[in-house]
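Fold and geometry: a report
Residue strings, one per chain:
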Amino acid sequence: MAGALSLRTPGRPFLREKRAGRGAVSAWVAPMKPYYEHGGITIYHGEALAVLESLPTASVAAFVADPPYSSGGLMRNDRQADPSAKYRGWSQSADGSSRQPTFDTRTFSGDGRDQRAYAYWCAMWLSQASRIAVSGAQLFQFTDWRQLPSSTDGVQAGGWIWRGLLVWDKGVGRPMKGRFRNHLEYVVWCSNGPMPDPDDIYPSTLLRHSPPSADRVHLTQKPESLVAELLTVAPDGVVLDPFMGSGTTLRAAKDAGRRAIGIEIEERYCEIAARRL
């Protein structure tokens, strides 16, 4: 990317303990080269698990994760469909009226795992997230109703303490004649060990934020206001989004004066995120 893009040579390697069987060995791990780095915000272009493995231990205070849900159907064949077909449908307003999608974005990859594979995969990257988390760090993982059981199993298998469930009320959802419309998504809330002394705030577990429409640049983009509300209870320090997409978490973190790291496997979204910053 021209202008704001800042590439650098890898920094000094850091020492990390790697477990092998019953023993443990130490290995020098070189950090990856950032795709973008400016004003306390860093973007890595790569696969989430590989990048997380390269980051130093106990270095991140908050995680906002919106992994590909691998949802959108009851059967495996349904889930293998293109995300643009699974997730981009008609919406239903609160008064019951329906409206066509108002955005047109390209699809994304990594959304075809079955439920068991999804749970195993989540446990893998969540375990690495736990390693690089400081004591008391918090994690917020988005999910839908189908993958909620796998997501709550994954965070606990990854070493996190499950603290509760937040409900995101989008206000709109796909119309389903004679059925309850799906206008809710969920956020699995966790901590890395005991939580620090809380601030004098009392947020609700019901989060009401409308999805972005006209300015949407990613198929599953979350509103900045939603991410900003999540960060109000997170401890000070670096914020990391392992599935950055269009960079909403980084934008919200920057607006809050926080440092942040984003990881994204698709370069076109790295470029979009860098421009949003």
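Everything here concerns the structure above.
Described in the following lines is the structure provided in the data block. (Residues numbered from 1 in each chain as written. Predicted model: local features only at pLDDT ≥ 70, side-chain atom pairs only at ≥ 80, totals over all residues. Heavy atoms only, no water.)

What follows is about the packing of aromatic side chains. Under the definition given, this model contains six aromatic pairs. Ring geometry for Trp-125 against Phe-243: centres 5.0 Å apart, planes inclined by 75 degrees, an arrangement best described as edge-to-face. In this pair, Trp-125 sits in helix α4 (residues 115–132) while Phe-243 sits in the loop between β12 (239–241) and α7 (248–255), placing the two residues 118 residues apart along the sequence. Overall, the relative accessible area of 1% leaves Trp-125 in the buried class. Among the aromatic residues, those joined into a ring-pair cluster are Tyr-118, Trp-121, Trp-125 and Phe-243. A cation sits over an aromatic face here: Lys-170 above Trp-168, 5.7 Å from the ring centre. Its guanidinium or amino end placed over the ring of Phe-142, Lys-222 lies 5.2 Å from that ring's centre, counting from NZ or CZ. (Phe/Tyr/Trp six-rings, centres within 6.5 Å; stacked < 30°, edge-to-face > 60°. Helix = DSSP H or I, 4+ residues; strand = E, 2+ residues; numbered from the N terminus. Buried < 20%, exposed > 50% of the residue type's maximum accessible area, 1.4 Å probe, protein only. Lys NZ or Arg CZ within 6 Å of the ring centre and 35° of its normal.)

The subject of this paragraph is the packing of α4 against helix α5 (residues 148–157). Running from amino to carboxyl end, α4 crosses α5 at an angle of 30 degrees, the nearest separation of the two axes being 8 Å. Considering the relative orientation of α4 and α5, their crossing is right-handed. Residue-level contacts link Gln-115, Tyr-118, Ala-119, Cys-122, Ala-123 and Leu-126 of α4 to Ser-150, Ser-151, Gly-154, Val-155 and Ala-157 of α5. Grouping the constituent residues of the contact of α4 with α5 by class yields seven nonpolar, four polar and no charged. (Axes fitted to C-alpha atoms, helices over the stretch in contact; angles between N-to-C directions. Left-handed = near helix turned anticlockwise from the far one by under 90°. Contact = heavy atoms within 4.5 Å. Nonpolar A, V, L, I, M, F, W, Y, C, P; charged D, E, K, R; others polar.)

Moving on, we get to unusual backbone geometry. Phi at Ala-58 is positive, roughly 50 degrees, even though this residue is not glycine. Mapped onto the elements, Ala-58 comes out in the loop between α1 (48–54) and β5 (60–65).

Below, the discussion takes up the pairing of strand β9 (residues 161–174). In this sheet, strand β10 (residues 182–191) lies alongside β9 in antiparallel orientation, the contact comprising nine bridges. Each residue of the ladder has a partner; that of Val-167, found in β10, is Tyr-186. For β9 and strand β11 (residues 206–208), the ladder comprises three bridges, and the chain directions are parallel. By the bridge assignment for β11, Val-167 is matched with Leu-206. (Pairing = 2+ DSSP bridges.)

Moving on to the side chain of Arg-131. Tracing the backbone shows Arg-131 in helix α4. Buried and without a salt bridge, Arg-131 has Glu-53 as its closest oppositely charged side chain, separated by 7.7 Å. Polar contacts involving the side chain of Arg-131 include one to the main-chain carbonyl oxygen of Leu-55, which spans 2.9 Å. (Lys, Arg positive; Asp, Glu negative; His and termini not counted. Salt bridge = Lys/Arg side-chain N within 4 Å of Asp/Glu carboxyl O. Polar contact = N/O pair within 3.5 Å; in protein donor to acceptor, adjacent residues only side chain to side chain.)

Right, let's get into α4. Over its 18 residues, α4 runs 26 Å from end to end, which matches the ideal 26 Å to within 8%, given 1.5 Å per residue. By the burial criterion, the buried members of α4 are Tyr-118, Ala-119, Trp-121, Cys-122, Ala-123, Trp-125, Leu-126, Gln-128, Ala-129, Ser-130, Arg-131 and Ile-132. (Expected span 1.5 Å × (residues − 1).)

Time to look at the pairing of β10. Extensive coverage of β10 is indicated by the burial of seven of its 10 residues. Of the strand pairs in this sheet, strand β8 (residues 133–143) and β10 are connected by six bridges, and their pairing is antiparallel. Counterpart to Phe-140 in the pairing with β10 is Trp-189.

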